[in-house]
Amino acid sequence: TDLSHIRNFSIIAHIDHGKSTISDRILEMTGTVAKRDMQAQLLDSMDIERERGITIKSQAVRVNYTADDGETYQFNLIDTPGHVDFTYEVSRSLAACDGAVLVVDATQGVEAQTVANAMLAMNANLEIIPFINKIDLPAAEPERVKGEIEDGLAIPADDAVLGSGKTGDGIHELLEAVVYNIPAPTGNTEAPLRALIFDSYFDAYRGVVALVRVVDGCMKKGDRIRMIATKTETQVEEVGARHPQETALPSLSTGEVGYLVTGLKDVSQVKVGDTITLAQGGVDEPLPGYREAKPMVFTGLFPIEGDQYEPLKEALEKLSLNDPALVWEPETSHALGFGFRVGFLGLLHMEVIKERLEREFGLDLLATAPSVEYHVYLKGGAMVSLHSPQEMPDPGSIERVEEPYLKAKILIPPDYVGAVMDLTVARRGTFVTMNYLSQTTVEMLWEIPLSELIMDFFDKLKSNTKGYASLDYDFLGYKPSDLVKLDILLSGKPIDALSFIVHKDKAYDRGRVLCDKLKEIIPRQMFEVPIQAAIGGRVLARQTVKAKRKDVLAKCYGGDITRKRKLLEKQKAGKKRMKAIGNVEVPQEAFMAILKVD
Ligand code: GDP
Ligand code: MG
């Protein structure tokens, strides 16, 4: 296909505004996938993605569209991840495009990630076509939403396409707008190969597959290629396009988007953002924008059954093949035994991985409360990176501790400014600025410690604003804070896996609240269990789990057999999520209670 008949574009949106549904309609209306083969959200391939209605990996689909002018165009449609954890992947996918369809839900209007994604698209110099979705709903207010797009994003919305991913309304107009408004790719077909990797994944049969946009030159089966950042060389085993099933092609040439089978076994050799060139006679200068994925949130994962340590390790190895952002190292806890300290891009990434480990690998896991990476400067001048509160050095040897801060952007209707202020200040946030994006939307910018954000912040923000708030954030940098390690003791013994790092001014309150919570969560045992919160041996708060009354069980003996069986089954089910620490049975909720502040 000549360049003038190619259109590469992304669909971007705030989560749930209808990006996946619209992609499905486009596949259907271009005859790429027959209607009878459609299943909702075809492009969200992982089970978890489909269940949660979110996109985690990028996808690229090629469709042929015969326009009203009678010409057939090659559309490469890239469905990008929609969550804050995956901002970098979004930015690389956008770099593979020349335009973007900005989907805005006509009942919700512009939200935080609408703004964030639109900014990314503008920064990538993409032509933006606004699509106002869900106009089939009675609550749709397309005129108000147009106003928000113009006032809040400075994107002209007069020509916005109105439609519905559900009914298919407006999709034909959208496809015509793509032909006329999104520019054809530019690039030099005669120049040496340069191709951008915007996603990569591990295929059990074929090794690592990369999704690429060819910027200059051409790539075909048998070519020797080199990844510039990782310096990996390999031979191209196959190139092709997805419709969405993979179809081999003789070559991928300038302007085209497709997949590349590398034959490599390790996804860390084929990194998102890297540039592919020819091993011989290639270029030295990579395409701009490469960045290493960096984990922000760490948690301990421990198998409930000790014999699942090796299976857990194998499962982590398997998942890492596909996910260079997933990092882990062995961790030993006195309380929980052998496990792993695992780093994630964010909380969603963590939940997804934990869920996959349990579902796809059949593991029963106990997760400790997530924490961030602290930088501890010792009196001698050395710096230690802490991934786990357990590793906190002796307070006497510490000169200062620094913690990661974020720039957070919160969008809310004006009525909730006060509610957001209260919450964010209580979470040690520093106010930066506030702007009216429109009469109905205020944008507030804050600097806030990441550790506060991972403590139930998003749920609190949502509930304090009746669900209206939306949140987006970027890493800001490290700043010094007055931080201490708070220990939890059960029956007088410190439980390392329950320790956490907290700001000194909050230590007393957090310790007290947590003792109260643990008292509720830890079931009664045959004996009394004292719970204490302490800093460096000084007890701040205490509570007691009373001993079980013996007659509770006694009543069942000799009694009705079905009742007894039910009780035993109930106990067994309960046990699944419990871990014996010393002689105390501690449920999973105890570890997560650390995140619930009030
Ligand atoms: P994404 O998160 O942006 O990919 O959004 P989805 O495509 O997963 O859609 C989120 C929800 O909105 C799903 O329940 C869809 O069925 C629904 N939805 C999407 N488009 C429309 C539409 O045009 N009208 C209506 N009524 N619902 C829609
Ligand atoms: Mg989706």
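Residues numbered from 1 in each chain as written. Chains lettered and ligands numbered in written order. Predicted model: local features only at pLDDT ≥ 70, side-chain atom pairs only at ≥ 80, totals over all residues. Heavy atoms only, no water.

Here the focus is the site of ligand 1. Taken together, 17 residues surround ligand 1, and among them Asp16, Lys19, Ser20, Thr21 and Asp136 come closest. Between His17 and ligand 1, the recorded distance is 3.4 Å, taken from a backbone N or O atom to an oxygen atom. Here Asp136 contributes a side-chain N or O atom positioned 2.7 Å from a nitrogen atom of ligand 1. Within the complex, the protein chains bury 79% of what would otherwise be the 580 Å² of accessible surface of ligand 1. The leading source of residues in the shell around ligand 1 is helix H1 (residues 19–29), at three residues. (Near = heavy atom within 4 Å. Polar contact = N/O pair within 3.5 Å; in protein donor to acceptor, adjacent residues only side chain to side chain. Areas by Shrake-Rupley, 256 points an atom, 1.4 Å probe, with all protein chains shown as cover. Helix = DSSP H or I, 4+ residues; strand = E, 2+ residues; numbered from the N terminus.)

All right, on to helix H3 (residues 87–95) then. Along H3, seven of the nine residues are buried, which leaves the element largely enclosed by surrounding structure. Here H3 has its buried residues at Tyr88, Glu89, Val90, Ser91, Arg92, Ser93 and Leu94. Looking at the buried positions of H3, the neighbouring elements they touch are strand S1 (6–13), strand S3 (72–79), helix H4 (112–123) and strand S7 (194–203). (Buried < 20%, exposed > 50% of the residue type's maximum accessible area, 1.4 Å probe, protein only. Contact = heavy atoms within 4.5 Å.)

What follows concerns the side chain of Ser200. Within the secondary structure layout, Ser200 lies in strand S7. A polar atom in the side chain of Ser200 sits 2.8 Å from the backbone oxygen of Val270.

Of the two faces of strand S11 (residues 232–235), only the one carrying Thr232 and Thr234 is buried; Glu233 and Gln235 on the other face are not. Two strands pair when backbone bridges link them, and strand S10 (residues 224–227) and S11 are joined in this way by four bridges, in the antiparallel orientation. Counted as the bridge partner of Ile225 is Thr234 from S11. Linking two consecutive strands that pair antiparallel, namely S10 and S11, is a turn of four residues; a positive phi of about 60 degrees is found at Lys231 within it. (Pairing = 2+ DSSP bridges.)

This brings us to the packing of aromatic side chains. Overall, the coordinates contain seven aromatic pairs when judged by the stated rule. Between Phe9 and Phe75, the ring centres sit 5.5 Å apart and the planes meet at 85 degrees, which makes this aromatic pair edge-to-face. In this pair, Phe9 sits in strand S1 while Phe75 sits in strand S3, placing the two residues 66 residues apart along the sequence. Both residues of the pair, Phe9 and Phe75, count as buried. Arranged with centres 5.5 Å apart and planes meeting at 90 degrees, the rings of Trp328 and Phe340 form a pair that is edge-to-face. Of the two residues, Trp328 sits in strand S18 (residues 327–333) while Phe340 sits in strand S19 (residues 337–344), which places them 12 residues apart along the sequence. On the accessibility criterion, Trp328 (25% relative accessible area) is partly exposed. Above the ring of Tyr377, the side-chain terminus of Arg400 is found at 3.9 Å from the ring centroid. A cation sits over an aromatic face here: Lys479 above Tyr405, 5.0 Å from the ring centre. (Phe/Tyr/Trp six-rings, centres within 6.5 Å; stacked < 30°, edge-to-face > 60°. Lys NZ or Arg CZ within 6 Å of the ring centre and 35° of its normal.)

Glancing now at the UniProt feature "binding site: GTP" (unreviewed entry) in the chain. Sites flagged by UniProt as "binding site: GTP" (unreviewed entry) map to Asp16, His17, Gly18, Lys19, Ser20, Thr21, Asn133, Lys134, Ile135 and Asp136. Residue position: Lys19 is located in helix H1. The class of Lys19 is buried, set by a relative accessible area of 9%. With relative accessibility at 33%, the residue Asp136 sits in the partly exposed group. (UniProt positions renumbered as here; feature names shortened; annotations may be inferred.)

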